[in-house]
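The chain contents come next:
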Amino acid sequence: FNKQFDLVKIIQATNVNINNFKWIFYTPVVSVENQTIQMTEQIYVTTHFNMEKISSLFSNLASLNIFELLSLKKDYKDLGYSTNEVDLHMYKLFSLPFYLAIMTVFASIIMLNIKRNKSLIFHIIFGILLSVLIYYLYYLFNLFGENGKIPLLITVCLPLLILTIFILIGMIRINEK
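Residues numbered from 1 in each chain as written. Predicted model: local features only at pLDDT ≥ 70, side-chain atom pairs only at ≥ 80, totals over all residues. Heavy atoms only, no water.

> Would you mind showing me how to read a nonpolar patch on the surface here?
A grouping of Leu-120, Ile-124, Ile-128, Val-132, Tyr-135, Tyr-136, Tyr-139 and Leu-143 is seen on the molecular surface, where their side chains present a nonpolar patch of about 800 Å² in accessible area. Structurally, Ile-128 is set in helix H4 (residues 120–146). (Patch = residues over 30% accessible without salt bridge, like charges linked within 9 Å, V, L, I, M, F, W, Y side chains within 5 Å. Areas by Shrake-Rupley, 256 points an atom, 1.4 Å probe, with all protein chains shown as cover. Salt bridge = Lys/Arg side-chain N within 4 Å of Asp/Glu carboxyl O. Helix = DSSP H or I, 4+ residues; strand = E, 2+ residues; numbered from the N terminus.)

As structure tokens, then:
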């Protein structure tokens, strides 16, 4: 591509060394304006990407800190990839303290509203059921956000808002007792 991102030529090779920022194409086939040329010598292309940087583009976002996420977002933009997944993960990181606070209050309200004479099995099954429901609530909204069905900020805030409403209902019930 040239600086205006117009296609200049296509280089195809069966063996390419991308360990450095200077890629080496061995016995390439070059296509320029519908003409194909088989070359015998190597072609060197200077890029902004090496093997390590390309591999890190597809790594797990949960293992990255905020600065690495910002760098990854810039790399995604440079390659023309969608940055929705990175933005969504950054929103989740910023909302994590609120999520933990809401879950702590939610667990307290549940424990105050359940009678103590229930069996241990009931408590275990109820806890697992609630955790699975909350997980799938977050998972559903994350899918909607990644697919662009709803805005990313709503993807993160709406499950928190739903849990907050349940907390308020539970607090009212505790206050009535």
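> Just to check I follow, could you spell out the pattern of salt bridges for this structure?
Two side chains of opposite charge can pair, provided their charged atoms sit close to one another. Taken as a whole and assessed by the stated rule, the structure comprises two salt bridges. For Asp-78, the salt bridge is made with Lys-74, and the minimal N-O distance between the two is 3.2 Å. On the criterion of helical spacing, the pair formed by Asp-78 and Lys-74 is a turn pair, its members being four residues apart in helix H2 (residues 66–79). When its relative accessible area of 45% is taken as the criterion, Asp-78 is described as partly exposed. Taking relative accessible area as the criterion, Lys-74 reaches 52% and is therefore assigned exposed. (Buried < 20%, exposed > 50% of the residue type's maximum accessible area, 1.4 Å probe, protein only.)

> Would you mind showing me how to read the side chain of Asp-87 here?
Examined against the element boundaries, Asp-87 turns out to sit in helix H3 (residues 84–113). Of the residues examined, Asp-87 reaches a relative accessible area of 16% and is grouped as buried. Looking at Asp-87, its side chain comes within polar contact range of the side chain of Lys-73, at 2.9 Å. (Polar contact = N/O pair within 3.5 Å; in protein donor to acceptor, adjacent residues only side chain to side chain.)

> Can you help me understand the sheet that holds strand S4 (residues 29–32) in this one?
If you trace the three strands from one edge of the open sheet to the other, you get S1-S4-S5, paired in antiparallel fashion. Pairing within the sheet leaves two strands with one partner each, and these edge strands are strand S1 (10–12) and strand S5 (35–38). The sheet shows a mean angle of 20° between the axes of neighbouring strands, taken without regard to direction. Here S1 runs beside S4; their pairing, made up of three bridges, is antiparallel. Pairing of Ile-10 across the sheet is with Ser-31, part of S4. (Pairing = 2+ DSSP bridges. Axes fitted to C-alpha atoms, helices over the stretch in contact; angles between N-to-C directions.)

> Quick question: what am I supposed to make of the nonpolar core here?
A general tendency of soluble globular proteins is for nonpolar side chains to be buried together. In this structure, Ile-102, Phe-106, Ile-109, Ile-110, Ile-114, Leu-130, Ile-134, Tyr-138, Leu-160, Leu-163 and Ile-167 together form the largest nonpolar core, which totals 11 residues. Those elements giving two or more residues to this core turn out to be H3, H4 and helix H5 (152–176). Examining the composition of this core, we find that four residues originate from one element, H3, more than from any other. Beyond its immediate chain neighbours, meaning those up to four positions away, Ile-110 contacts Phe-126 and Leu-130. Leu-64, Leu-69, Val-86 and Met-90 belong to the second-largest nonpolar core, a separate cluster that totals seven residues. (Core = buried A, V, L, I, M, F, W, Y, C linked by side-chain atoms within 4.5 Å. Contact = heavy atoms within 4.5 Å.)

> Sorry if this is basic, but what is going on with the packing of aromatic side chains here?
Each aromatic ring pair is specified by the distance between its two centres and by the angle formed by the two planes. Taken as a whole and assessed by the stated rule, the structure comprises seven aromatic pairs. Taken together, a centroid distance of 6.5 Å and an interplanar angle of 55° make the contact between Trp-23 and Phe-25 tilted. Residue class for Trp-23 comes out buried when judged on its relative accessible area of 19%. Seen from their ring centres, Tyr-135 and Tyr-136 are 5.2 Å apart, and the 75° between their planes marks the pair as edge-to-face. The rings of Tyr-135, Tyr-136 and Tyr-139 are connected pair by pair, giving a single aromatic cluster. (Phe/Tyr/Trp six-rings, centres within 6.5 Å; stacked < 30°, edge-to-face > 60°.)

> Please explain the sheet that holds strand S6 (residues 43–46) as it appears in this structure.
Pairing between the strands of a sheet comes from backbone hydrogen bonds, and it takes one of two forms, parallel or antiparallel. Read from one edge of the open sheet, three strands run S2-S3-S6, paired in antiparallel fashion. Of all the strands in the sheet, the pair left with one neighbour each is strand S2 (15–17) and S6. Neighbour to neighbour, the strand axes of the sheet diverge by 20° on average, direction disregarded. Two elements, S2 and strand S3 (residues 22–26), share three bridges in a ladder whose sense is antiparallel. Along S3, the bridge assignment pairs Asn-15 with Tyr-26.

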